[in-house]
Amino acid sequence: MLKHKSYSNGLNLIVCEGGAISCSFSIMIGTGSVNETDKTNGISHYIEHMNFKGNKLYGSYEITDIMDSIGASYNAYTSVESTCFYAQTIVDSLEKTFSVLSEAVFSSLYLDEEAEKEKGVILEEINMSEDSPDDVC
């Protein structure tokens, strides 16, 4: 069964219920590289990475430890038109998984020391994509 609710703040909640013991969810943000200028090129991807580097409730290692302890997997990606944060978990851990991922998305601290480290991570990703003929094309 598919349920959809729109909120006044622009949030759209879509729920597809089944009978599974696992579940997935995503938090989609309507911004990506199409919204960037030459001066801000890459900022959406950079912010996506920084969102996992600590927030008001959890440090970066705590996010990983909590998600691992409840068997949740999570990640994110940035595309041309959107940035997506997503997770998969068992139904019994949905509330905690959603809470931790929401904190990462909406309460990040963007600490200077983490920002400098993350530049290197993104440069590695760029270099890896240049090693892939499909990505280069």
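Note: the structure precedes this text.
Residues numbered from 1 in each chain as written. Predicted model: local features only at pLDDT ≥ 70, side-chain atom pairs only at ≥ 80, totals over all residues. Heavy atoms only, no water.

### Concerning the nonpolar core
Reasoning step 1: Ranked by internal contacts, the top residues of the largest apolar core, which has 15 residues, are Phe 52, Ile 63, Met 67, Phe 85, Val 100 and Leu 101.
Reasoning step 2: Residue assignment for this core shows that the elements contributing at least two residues are β3 (22-29), α2 (60-69), β5 (83-90) and α3 (94-106).
Reasoning step 3: For this core, the element with the highest residue contribution is α3, accounting for four residues. (Core = buried A, V, L, I, M, F, W, Y, C linked by side-chain atoms within 4.5 Å. Buried < 20%, exposed > 50% of the residue type's maximum accessible area, 1.4 Å probe, protein only. Helix = DSSP H or I, 4+ residues; strand = E, 2+ residues; numbered from the N terminus.)

### So, the packing of α2 against α3
Reasoning step 1: For the pair α2 and α3, interaxial distance at closest approach is 10 Å and the crossing angle is 160°. Comparing their axes, α3 and α2 come out roughly antiparallel. Every pair of crossing elements has a handedness; the one defined by α2 and α3 is left-handed. Between α2, through Ile 63, Ile 66 and Met 67, and α3, the contact on the second element is made entirely by Lys 96, Thr 97, Val 100, Leu 101 and Ala 104.
Reasoning step 2: For the contact of α2 with α3, a count of residues per class yields six nonpolar, one polar and one charged. (Axes fitted to C-alpha atoms, helices over the stretch in contact; angles between N-to-C directions. Parallel < 35°, antiparallel > 145°, perpendicular 65-115°, else oblique. Left-handed = near helix turned anticlockwise from the far one by under 90°. Contact = heavy atoms within 4.5 Å. Nonpolar A, V, L, I, M, F, W, Y, C, P; charged D, E, K, R; others polar.)

### Regarding the sheet that holds strand β4 (residues 73-78)
Reasoning step 1: On the basis of which strands lie adjacent, the open sheet formed by three strands has the order β3-β5-β4 and antiparallel pairing. Bordering the open sheet on either side are β3 and β4, each of which pairs with just one other strand. Strand-to-strand twist across the sheet, computed as the mean angle between neighbouring axes with direction ignored, equals 15°.
Reasoning step 2: The pairing of β3 with β5 spans eight bridges and is classified as antiparallel. Bridge pairing links Phe 25 to Ala 87 in β5. (Pairing = 2+ DSSP bridges.)

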